[in-house]
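Structural description and commentary
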Amino acid sequence: MAETALPVALDRESAEPLAVQLADALRSAASEGRLRAGDRLPSTRALADSLGVSRTVTAAAYEQLHAEGWIAGRHGSGTYVTTTPPGPLRKRSRKPVAPAITDFVDLGTGAPWAGGLDRAAWRRAWRAAADAPPLSRPERAGLPEYREAIAEHLLRHRGLAVNADPVLATGGTTAVLTEIAVAVLKRGDAVAVEEPGYQRAVGVFRANGLKVVQAAVDAEGLLPEAVPAGVKAVYCSPAHQYPLGGRMSAGRRVALVERARRDGWLVIEDDYDGELRYDVAPLPSLAALAPDVVVHLGTTSKILTPTLGAGWMVAPEHIATTVLEHRDLTGTSPSAAGQRVVVELARMGDLGRHLRKLRRELSERRALIIDTFADAGIEVLGDDAGAHVVVLLPGAERERELTRQALERGLRVDGLARHYVNRAKLHGLVIGYSACSREQLVSALPVLTELLRTSG
């Protein structure tokens, strides 16, 4: 089906963000019949090219319209106007309530501070990596030098003393969760996941035939007693629980691994934000406490960039062997290119320098957010570590309204409700501060503060 020519004109002199203008124009066209049910829309890239704007603008507009129900995506075929638009268009006030933001600011989570990478070091590492001869056969466990570099990294930055033998290279957290779901667990096995928690892990487990059950969390992370009986594995993020940000206490870590040994669980430790603590030194990993029942997962995606596609797993021998057999059977292995770059960054000392720089920068951003919100009487959760904080809100409607208002003002923030499998018990905003620049964060905080104060 041919794409529909869109009736859009953007005013670059207006104080209203371009993404909001675009969403308004498409919403009006659908409401008034100029766009009809079933019309196919251009891709975000094609529309950005035709309008002479960045893809961020078109993606933000499409995201808003998708959330409102005006458009829907069909896998493999594009984006279409929905068959049943959600009622008549309601006019919104154009009166600004705070200084407008001209650039779209990403306050979402999961993205690194890629702008902080030393570009000279980055180029130097890639050049050195390219000097290595091509492999004639894949290294199913990962390059030996990469596994050694990761073992050194874990010792220096996570207090996990291992040699290179139990370290396996991975393509990242999602990739290795898929391997565990397919090779280690069996279809129909039950896996406990934190509630609220990392929904991509939920998706991986379900896509591979596992039964996902929820285990509650509190300010100290996963509650071991909340894990239902009969599960085969427990997935958790003890260093900085995602998304609420709790740190699993030492006593609770002991209780978790004791029950894992008693009940035969495999504990999957996602070391999310494990390198990013600001108040005290990081607590030892679960893998250091119980290497016999814990699989420890890490990635370079948050501390460097997802460009590398490089992660790691430290696992008991029988788990590692099973994963390697699966790789042999399927002919899969993690890419060596990203591993070589990590090796060169570590060899030249650039990885350590970047981590120190990253901690300083994120610590300063964290302080800026905490101080700004404290002055406005706004309380936050999860600020001890990582690169996001949570502000609780009184209900689902307030959460939806604030995320919509923030997007209209050029700010992308995440709602807390989507991190639940079941009905959300808490509502709020999950505010990341690593994906944007320092200048963008400074410009966004007054707007975000005003919206939160207005919300009560």
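Parameters and conventions
Residues numbered from 1 in each chain as written. Predicted model: local features only at pLDDT ≥ 70, side-chain atom pairs only at ≥ 80, totals over all residues. Heavy atoms only, no water. Patch = residues over 30% accessible without salt bridge, like charges linked within 9 Å, V, L, I, M, F, W, Y side chains within 5 Å. Areas by Shrake-Rupley, 256 points an atom, 1.4 Å probe, with all protein chains shown as cover. Salt bridge = Lys/Arg side-chain N within 4 Å of Asp/Glu carboxyl O. Helix = DSSP H or I, 4+ residues; strand = E, 2+ residues; numbered from the N terminus. Domains from an automatic or database assignment. Pairing = 2+ DSSP bridges. Contact = heavy atoms within 4.5 Å. Buried < 20%, exposed > 50% of the residue type's maximum accessible area, 1.4 Å probe, protein only. Right-handed = clockwise from strand over helix to strand, strands pointing away. pLDDT = per-residue confidence, 0-100. Expected span 1.5 Å × (residues − 1). Arc of directions from axis to C-beta. Axes fitted to C-alpha atoms, helices over the stretch in contact; angles between N-to-C directions.

1. Some thoughts on a nonpolar patch on the surface
Taken together, Leu381, Leu392 and Leu426 make up a surface patch of nonpolar side chains, about 210 Å² in accessible area. Looking at the element boundaries, Leu392 is found in strand 13 (residues 388–393).

2. Digging into the domain arrangement of the chain
Entries for the chain in the domain assignment read domain 1 (18–81), domain 2 (105–109 + 353–454) and domain 3 (118–351). Put simply, the middle of domain 1 and the middle of domain 3, counted by C-alpha atoms, are 37 Å apart.

3. Some points on the sheet that holds strand 7 (residues 211–218)
Strands sit in the order 5-12-11-10-9-6-7-8 across an open sheet of eight strands; the sheet is mixed. With partners counted over all chains shown, the strands left at the sheet margins are strand 5 (167–170) and strand 8 (221–222), one partner each. As paired strands, strand 9 (residues 233–236) and strand 10 (residues 266–270) are joined by four bridges and run parallel to one another. By the bridge assignment, Tyr235 is partnered in strand 10 with Ile268.

4. Notes on the environment of His66
Topologically, His66 is positioned in helix 3 (residues 55–68). As for His66 and Val81, which are separated by 15 residues in sequence, their C-alpha atoms are 9.4 Å apart. Leave out the neighbours within four places in its chain, and His66 touches Ile71, Ala72 and Gly73.

5. Re the pairing of strand 6 (residues 190–195)
It is a general feature of regular strands that their side chains alternate between the two faces of the sheet. Most of strand 6 is tucked away: six of the six residues are buried. Here six bridges tie strand 6 to strand 7, and the two strands are oriented parallel to one another. If you follow Ala192 over to strand 7, its bridge partner there is Val213. Read from strand 6 through helix 7 (residues 199–207) to strand 7, the crossover connection turns out right-handed. Relative to strand 9, strand 6 is paired through three bridges, and the arrangement is parallel. Bridged to Ala192 within strand 9 is Val234.

6. A look at the confidence of the model for the chain
On average, residues of the chain carry a pLDDT of 89, and 91% of them reach 70 or more. Within the model, the stretch residues 85–102 combines pLDDT values under 50 with 29 contacts to residues more than four positions away or in other chains.

7. Overview of helix 10 (residues 317–330)
Taking 1.5 Å as the rise per residue, helix 10 with 14 residues should run 20 Å; its terminal C-alpha atoms sit 20 Å apart, in good agreement. The set of residues buried in helix 10 consists of Ile319, Ala320, Val323, Leu324, His326 and Arg327. Along helix 10, the residues classed as buried sweep out an arc of 155° about the axis, all on the same side. For helix 10, the exposed residues set more than 90 degrees away from the buried face come down to Glu317, His318 and Leu329. Elements that come into contact with the buried residues of helix 10 comprise strand 5, helix 6 (173–184), strand 10, strand 11 (294–299) and strand 12 (311–314). Looking one or two places after helix 10, you find Gly331, whose phi comes out positive at around 70°.

8. Considerations on the environment of Leu35
Here Leu35 is to be found in the loop between helix 1 (18–31) and strand 1 (40–41). For Leu35, a relative accessible area of 4% corresponds to the buried category. For the pair Leu35 and Val81, spaced 46 residues apart in the sequence, the C-alpha separation amounts to 7.4 Å.

9. Describing the sheet that holds strand 15 (residues 414–415)
Spatial ordering of the open sheet is given by 13-16-15, a layout of three strands whose pairing is antiparallel. Since the sheet does not close on itself, it has two edges, and those belong to strand 13 and strand 15, each with one partner. One ladder, built from six bridges, connects strand 13 with strand 16 (residues 427–432); its direction is antiparallel. Counted as the bridge partner of Leu392 is Gly428 from strand 16. Docked against the sheet, helix 13 (residues 396–408) engages strand 13, strand 15 and strand 16, running at close to 35° with respect to strand 16.

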